[in-house]
Amino acid sequence: MAGIQERTFIAIKPDGVQRGLIGDIIKRFEQKGFRLVAMKFVHASEDLLKQHYYELKDRPFYPDLVKYMNSGPVVAMVWEGLNIVKTGRVMLGETNPADSKPGSIRGDFCIQVGRNIIHGSDSVESANKEINLWFKPEELVTYKSCAHDWLYE
Ligand code: IDP
Ligand code: MG
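Keep in mind that this is a model prediction, so the values were computed, not measured. (Residues numbered from 1 in each chain as written. Chains lettered and ligands numbered in written order. Predicted model: local features only at pLDDT ≥ 70, side-chain atom pairs only at ≥ 80, totals over all residues. Heavy atoms only, no water.)

The helix and strand tally for the protein chain stands at eight helices and four strands. Taken from N to C terminus, the helices and strands of the protein chain fall in the order β-α-α-β-α-α-β-α-α-β-α-α. Here the C-alpha atoms of the protein chain give a radius of gyration of 15 Å, agreeing with the 15 Å that 2.2 N^0.38 yields for 153 residues. For the protein chain, the spread of C-alpha atoms along the principal axes amounts to about 45 × 35 × 25 Å. Counting over 153 residues, the protein chain shows a buried share of 44%. Contacts in the protein chain between residues far apart in sequence, at least 24 positions, make up 78% of those at least 6 positions apart. Split by element, the accessible area of the protein chain, about 9,000 Å² in all, is 53% carbon and sulfur. (Helix = DSSP H or I, 4+ residues; strand = E, 2+ residues; numbered from the N terminus. Rg over C-alpha atoms; globule rule 2.2 N^0.38 Å. Buried < 20%, exposed > 50% of the residue type's maximum accessible area, 1.4 Å probe, protein only. Contact = heavy atoms within 4.5 Å. Areas by Shrake-Rupley, 256 points an atom, 1.4 Å probe, with all protein chains shown as cover.)

So, about the UniProt feature "domain: Nucleoside diphosphate kinase-like" (unreviewed entry) in the protein chain. Feature annotation in UniProt assigns "domain: Nucleoside diphosphate kinase-like" (unreviewed entry) to the following positions: residues 5-142. Between the end C-alpha atoms of residues 5-142 there is a gap of 11 Å, over a span that is 41% helix and 17% strand. (UniProt positions renumbered as here; feature names shortened; annotations may be inferred.)

Of the residues making up helix H5 (residues 84-92), those classed as buried are Ile84, Val85, Gly88, Met91 and Leu92. The buried residues of H5 occupy one face: seen down the axis, they fall within an arc of 120°. For H5, the exposed residues lying more than 90 degrees away from the buried face are Lys86 and Val90. Along its buried surface, H5 packs onto strand S1 (7-12), helix H2 (22-32), strand S3 (74-80), helix H6 (105-109), strand S4 (118-120) and helix H7 (124-134). Of the residues trailing H5, Gly93 is marked for its positive phi of about 95°. (Arc of directions from axis to C-beta.)

Let's shift gears to the pairing of S1. Among the six residues in S1, five count as buried, and that is most of the element. Relative to S3, S1 is paired through six bridges, and the arrangement is antiparallel. If you follow Arg7 over to S3, its bridge partner there is Glu80. (Pairing = 2+ DSSP bridges.)

Moving on to the site of ligand 1. Contacts to ligand 1 come from Lys13, Tyr53, Leu56, Phe61, Leu65, Arg89, Thr95, Arg106, Val113, Gly114 and Asn116. Note that an oxygen atom of ligand 1 is positioned 2.5 Å from one of the side-chain N or O atoms of Thr95. In this structure, Arg106 approaches ligand 1 through a side-chain N or O atom, which is 3.1 Å from an oxygen atom. Here ligand 1, which alone exposes 530 Å², has 74% of that area covered by the protein. The residue makeup of the shell around ligand 1, split by class, is five nonpolar, three polar and three charged. (Near = heavy atom within 4 Å. Polar contact = N/O pair within 3.5 Å; in protein donor to acceptor, adjacent residues only side chain to side chain. Nonpolar A, V, L, I, M, F, W, Y, C, P; charged D, E, K, R; others polar.)

With antiparallel pairing, four strands are arranged side by side in an open sheet as S2-S3-S1-S4. A single partner strand is all that each edge strand has here, and the edge strands are strand S2 (35-42) and S4. Neighbouring strand axes in the sheet, compared pairwise and without regard to direction, differ in orientation by 15° on average. As judged from the seven bridges shared by S2 and S3, these two strands associate in the antiparallel manner. (Axes fitted to C-alpha atoms, helices over the stretch in contact; angles between N-to-C directions.)

Take a look at the structure:
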């Protein structure tokens, strides 16, 4: 089926890690039926984070954003599935947790935009860029999911 191999880059930010939300966040992607392709627990360098948020470099909050993301370890992941970029963003909620609906990750677990616990790619193009930035090709794992035929018709 076309599109089921779409991939997105998801990262649990330092506040999500420190607040003990790794399991709860991963659970949502897992129970939805999306397939984990890669995962690493890493204290990202300032250099990597500056590249990751390059498009926001002129925004007033950019220095604080890089500092926040560099303040502790993050869980960097690649997930795969039908329309995952768009659906992933719905699962995250709005950028500002105050605008995020209950039931979304940001709606359920956080309060302020500068501490919004999770990142998710906003387009297929940026997903591919971010996956290449955070992972080497050999870190993307190939395997057959036994649930595939029970998720897709
Ligand atoms: P997104 O994470 O929902 O894609 P972006 O606009 O790409 O939102 O912004 C990246 C990150 O920068 C946000 O997740 C948030 O951590 C931070 N951020 C965005 N806007 C603000 C702001 O107005 N004040 C403080 N931090 C912000
Ligand atoms: Mg963004």
